[in-house]
Amino acid sequence: MDLHLEPRHLAFRDEARAWLKANLSRPWRESLRDPAATEDGLMALRRRFQNTLHAAGYLGMDWPTAWGGRGATEVEKAILEAELAAADAPPILNSLGISLLGPALIHHASEAQRRRFLPPMLAAEEIWCQGFSEPGAGSDLAALKTSAVLDGDHFVVNGQKVWTTFGPWADWIFTLVRTDPKDRYGGISFLLIKLDTPGVTVRPLRQITGENEFGEVFFEDARVPKENLVGQVGEGWRIAMTVLMYERGAASLGHAERFGRDVLRLAAALQGNGRLTGAAREKVARALVENEVMRANGIRTLANFASGKVPGAESSIEKIFWSEFDRRFRETALDLLGPGGQLLRTSPGAASDVDWAREFLWARAGTIYAGSSEVQRNIVSKRVLGLPQA
Amino acid sequence: MQFDLSDDQQLLRQSTRDFLAAEAPVEKTRRAMEDDPRGIEESLWRQVAEMGYVGLLLPAGVGGQGLGALELAVVLEEAGRVCLPGPLLDVVLAASVLAEAGGQEALLREVAAGTARVVIAREDAAFAGEAPTRTMLAGGRVKGTKHFVPFAASADALVVTTPDGPCLVRGPFPVTPTPTLDHAQRFATVTLDQPATRLGGPALLEPADRLAAVGAGAMLLGLMTKAFEMSHAYVQTREAFKRPIGTFQVIQHRLADMLMRVESTRSAVYRAAWCVDAGDEATALACASAKAYAGDAGRFVCGEAIQVHGGIGFTWELDLHWYFKRTKTLEQHYGSTEERLEAALAAVGY
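This structure is a prediction, so every number in the text was calculated from the model and none was measured.

J.: Would you mind showing me how to read the overall build of chain B here?
T.: A count of helices and strands for chain B gives 11 helices and 10 strands. Its C-alpha atoms give chain B a radius of gyration of 20 Å, within 12% of the compact-globule value 20 Å for 350 residues. Out of the 350 residues in chain B, the part that is buried amounts to 54%. Considering only intrachain contacts with a sequence separation of at least 6, the fraction spanning at least 24 residues in chain B is 74%.

J.: Which parts of the structure should I look at to understand the environment of A:Gly338?
T.: All names here are of chain A. Within the fold, Gly338 resides in the loop between helix H10 (315-337) and helix H11 (356-366). Exposure remark for Gly338: the 10 C-beta atoms within 10 Å place this residue in the exposed category. Put simply, Gly338 and Val375 are 37 residues apart on the chain and 34 Å apart in space, counted from C-alpha to C-alpha.

J.: I'm lost on the packing of helix H9 (residues 278-306) of chain A against helix H11 (residues 337-347) of chain B in this one. Help?
T.: Each pair of packed helices gets described by two things: the angle between the helix axes and the distance between those axes. At their nearest, the axes of H9(A) and H11(B) sit 9 Å apart, and the two run at 75 degrees to each other. Judged by the angle between their axes, H9(A) and H11(B) are roughly perpendicular. Where H9(A) abuts H11(B), its residues A:Glu282, A:Ala285, A:Arg286, A:Leu288 and A:Val289 lie against B:Leu341, B:Glu342, B:Ala344 and B:Leu345. A per-class count over the contact of H9(A) with H11(B) returns six nonpolar, no polar and three charged.

J.: Mind showing me how you'd approach helix H5 (residues 95-108) of chain A here?
T.: One full turn of an α-helix is made of 3.6 residues, so residues set three or four places apart face in the same direction. Residue and element names in this part refer to chain A. Its 14 residues place the ends of H5 19 Å apart at the C-alpha level, agreeing with the 20 Å of an ideal helix rising 1.5 Å per residue. At Leu101, H5 shows its strongest bend, of approximately 40 degrees, with the proline Pro103 following within four residues. Among the residues of H5, Leu96, Gly97, Ile98, Leu100, Leu101, Gly102, Ala104 and Leu105 are the ones counted as buried. Where H5 is buried, its residues touch helix H6 (111-122), strand E1 (128-131), strand E3 (154-165), strand E4 (172-178), strand E8 (229-230) and helix H7 (236-245).

J.: I would appreciate a short explanation of the domain arrangement of chain B in the present structure.
T.: How big an interface is tends to be stated in terms of accessible area lost as the parts join. All names here are of chain B. By the assigned domains, chain B splits into domain 1 (7-113), domain 2 (118-200) and domain 3 (204-347). The distance between the C-alpha centroids of domain 1 and domain 3 comes to 20 Å. At the interface, 21 residues of domain 1 touch 27 residues of domain 3. Breaking the side of domain 1 that touches domain 3 down by element, the ones donating at least two residues are helix H2 (26-34), helix H4 (69-81) and helix H5 (88-101). Tallying contributions element by element places H4 first for the side of domain 1 that touches domain 3, with 10 residues. For the side of domain 1 that touches domain 3, the class distribution of residues is 14 nonpolar, three polar and four charged.

J.: It is not clear to me how the packing of H5(A) against H6(A) should be interpreted in this structure. Could you clarify?
T.: All names here are of chain A. Contact geometry of H5 with H6 gives a least axis separation of 10 Å together with a crossing angle of 160 degrees. Regarding the angle of H5 to H6, the classification is roughly antiparallel. In this structure, the crossing between H5 and H6 has a hand that is left-handed. Contacts between H5 and H6 involve Gly97, Ile98, Gly102, Leu105 and Ile106 on the former and, on the latter, Gln113, Arg114, Phe117, Leu118, Met121 and Leu122.

J.: Would you take a moment to explain the nonpolar core for this structure?
T.: Among soluble globular proteins, nonpolar side chains are generally buried collectively. Membership of the largest hydrophobic core comes to 224 residues, with the highest contact counts inside it found for B:Leu72, B:Val118, B:Leu158 and B:Val214. With sequence-adjacent residues up to four places away left out, B:Val214 is seen in contact with B:Ala69, B:Leu72, B:Ala73, B:Val269, B:Ala272, B:Ala273, B:Val276 and B:Cys287.

J.: I keep staring at the domain arrangement of chain A and nothing clicks. Help me out?
T.: All names here are of chain A. Looking at the assigned domains, one finds that chain A contains domain 1 (7-93), domain 2 (128-236) and domain 3 (248-384). For domain 1 and domain 3, the distance between their C-alpha centroids amounts to 21 Å. Residue-level contacts link 13 residues of domain 1 with 12 residues of domain 3. Secondary-structure elements contributing two or more residues to the side of domain 1 that touches domain 3 are helix H2 (28-33) and helix H4 (74-87). With eight residues, H4 is the single largest residue contributor to the side of domain 1 that touches domain 3. Looking at the side of domain 1 that touches domain 3, its residues break down into seven nonpolar, one polar and five charged.

J.: Sorry, what's going on with the sheet that holds strand E4 (residues 157-160) of chain B here?
T.: By way of backbone hydrogen bonds, the strands of a sheet pair with one another, either parallel or antiparallel. Across the sheet, four strands lie side by side as E1-E4-E5-E8 (chain B); this open sheet has mixed pairing. Each end of this open sheet is capped by a strand with a single partner; those strands are strand E1 (118-121) and strand E8 (197-198) of chain B.

J.: Would you take a moment to explain the sheet that holds strand E7 (residues 187-195) of chain B for this structure?
T.: All names here are of chain B. Across the sheet, four strands lie side by side as E2-E3-E7-E6; this open sheet has antiparallel pairing. The strands lining the two open edges of the sheet, one partner per strand, are strand E2 (136-138) and strand E6 (175-177). When strand polarity is set aside, the average angle formed by the axes of neighbouring strands in this sheet is 15 degrees. Looking at chain direction, E6 and E7 are connected through three bridges and run antiparallel. Across the sheet, the residue bridging to Val175 is Val190, located in E7.

Cut-offs and rules
- Every chain is numbered on its own, with residues counted from 1 as its sequence reads.
- Naming scheme: in the order in which they are written, chains are lettered from A and ligands are numbered from 1.
- The model is predicted, so local features are restricted to residues of pLDDT at least 70 and side-chain atom pairs to those at 80 or more, both for listing and for counting; the totals for chains, interfaces and linings are taken over all residues.
- Numbering of helices and strands starts at the N terminus; helices are DSSP runs of H or I of at least 4 residues and strands are runs of E of at least 2.
- With the radius of gyration taken over C-alpha atoms, the globule rule is written as 2.2 Å times the number of residues to the power 0.38.
- For the exposure call, what matters is how many other C-beta atoms sit within 10 Å of a residue's own: 20 or more marks it buried, 12 or fewer exposed, and in between partly exposed, using C-beta atoms placed from the backbone.
- A pair of residues counts as a contact when their C-beta atoms, built from backbone coordinates, are within 7 Å of each other.
- Axis lines are fitted to C-alpha atoms, over the contacting stretch for helices. Their N-to-C directions set the angle, which ranges from 0 to 180 degrees.
- Here roughly perpendicular refers to angles of 65 to 115 degrees, roughly parallel to angles under 35, roughly antiparallel to angles over 145, and oblique to all remaining angles.
- For this scheme, ten residues count as nonpolar: Ala, Val, Leu, Ile, Met, Phe, Trp, Tyr, Cys and Pro. Four count as charged, namely Asp, Glu, Lys and Arg, and the remainder, Gly too, count as polar.
- Under the convention used throughout, the expected extent of a helix is 1.5 Å for every residue step, that is, one less than its residue count.
- Fitting axes to the seven residues ending at a residue and to the seven starting there, one defines the bend at that residue as the angle between these axes.
- Per the annotation, domain bounds derive from an automatic or database assignment of domains.
- For any pair of crossing helices, the crossing counts as left-handed if the nearer helix is rotated counterclockwise from the farther one by less than a right angle, and right-handed if it is rotated clockwise.
- Here a nonpolar core is just a set of buried residues of the types Ala, Val, Leu, Ile, Met, Phe, Trp, Tyr and Cys, joined wherever their C-beta atoms sit within 7 Å.
- Only strands joined by at least two bridges in the DSSP assignment are considered to pair.

The following block contains the structure:
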């Protein structure tokens, strides 16, 4: 066992840390708190930051250099994510495209499709959203019904996608569509659809936080060129599984930076009011301990990556841990802060360091997206424990 | 960078597992846990010493193996898997204090050989919030009362904590057994008024405190791993409503929650052990977190194991109760959860 970063990884971490120090003008939470901030303005800021990252070679970490990526490994990718979290950098605008669609295209798309789609994705010239979930297909993704019927050189698409993160700001959507209603898995295909195609309507959906980060997308006889099909007809499910594999990674490290910083801020706030005593003290200490255990999970995954091991279904355990800890911690924070913890960030008197109210609400998302806690437990019981599924 | 154990450490794990499976399965140790006043058969203790486990951390000069916290974690995890009775961790910790202090080579040689036992007496109160007793060292004598001294009746010497630092006390000393819910334990209250040798200042106990976090954390890991494995096997054979109960999602999700805690404990304990050996700056927080988390996780996992076993899980006959009870002992000793939570806060400046 050796949990020291290797010299080249240490050098990369130091280089990334120094770069962030020099190039990140202010922490994301301060941009969010700016009274002049608008949703469009924040999107523009994220677009600029993505371009800055791209120019410096910190985007598409695991993409081959031939496609504008860094050609690095999961180790550098996880290190960078932890450094971005520690520096409180703005979230990467095109993150769904870069982290999910990019690898799928690199592995499954034609040369022409890669040339067409990858460069503008990295440059934030085309923003992507993910069209997997439907009103009737969430955890049971293969129940999706949005249909694509070949008609000459086009697929005619009908149906609806929902919970489409970045939908309102996106230019393109990568979708799973049904090309054969009789074949549950083999009847699914992977199709790229431009959102200004006639017959496509994007409606923003207001989230629990009040923001419109996600939306719903309707397709009514939308004609999509058949060259936008990735892989062959019927390969969609297999490609989607590759995509979802890239949602894994040593995410716990970045979360440990982000949540850990907030645990210390909670401790400082309570200490300032003479309240870091008794039950409050124990709750903060438990959050600190859980955060450290989450960090240990992340270090273990990182070390496994570094020694050439690919994480399997055990990454589900990490996902359950961090998302459920996030929820517990944010609830604890609001309990301990009192009514002031519920103040909106724009409200007089709101805490200047953490947007506790938004974090409390936002924590409800983590146990639902990217495979709900229930789905993750099913994955653990099936693939790790080998228990028969009903 | 790698999380896997080295080849030597994996060999140690395998040889320890083989040895304990042959010599110390619960069906063989059960009688000693129930009746033997020493808590473990003398012959087994000698074998444990011969295998090098008692002297694991001690220098070769006194018959030890000169190994580190990672190896301690490996051995204690395996000890946890069989719910090994007796004072292995207690003696390892006390010996580490003596080795740190220096000048105790003769005693340490006997300890490593399994012919003498020394344990730490540290508890100044039996109940939370009770006014602590004051064990004082003055004029070469130690006076006071220590609670929950592990396996005190069979100890040849004690490392007794005092405000001025730990001191060494040779037996005999008056011992009042205080049985607890964990029938395998042999706790006692020790009343002291006798000659003692000061070993050093309070800081002398700090390395042992870190090793206690790793050792107890690892033993908890072994206990909960075994309880989890028993449950995993049981739910696939036990039938209800004409099917194995492991086919029910409500049972599957319980097992998933157990596994999450087992594996998270593994990450935390081995990281803490590595930090101790590497002298990493995160050592204090990593040790405090690993022990605090392992205590909660152990109670949860062993408790859930009882639940999925149903009525049989509540019997004396099934081995599970030994595991459930030992996790409770480990949770409240070797730096209780409360103490470890405070240590975690202290490590980040609160």
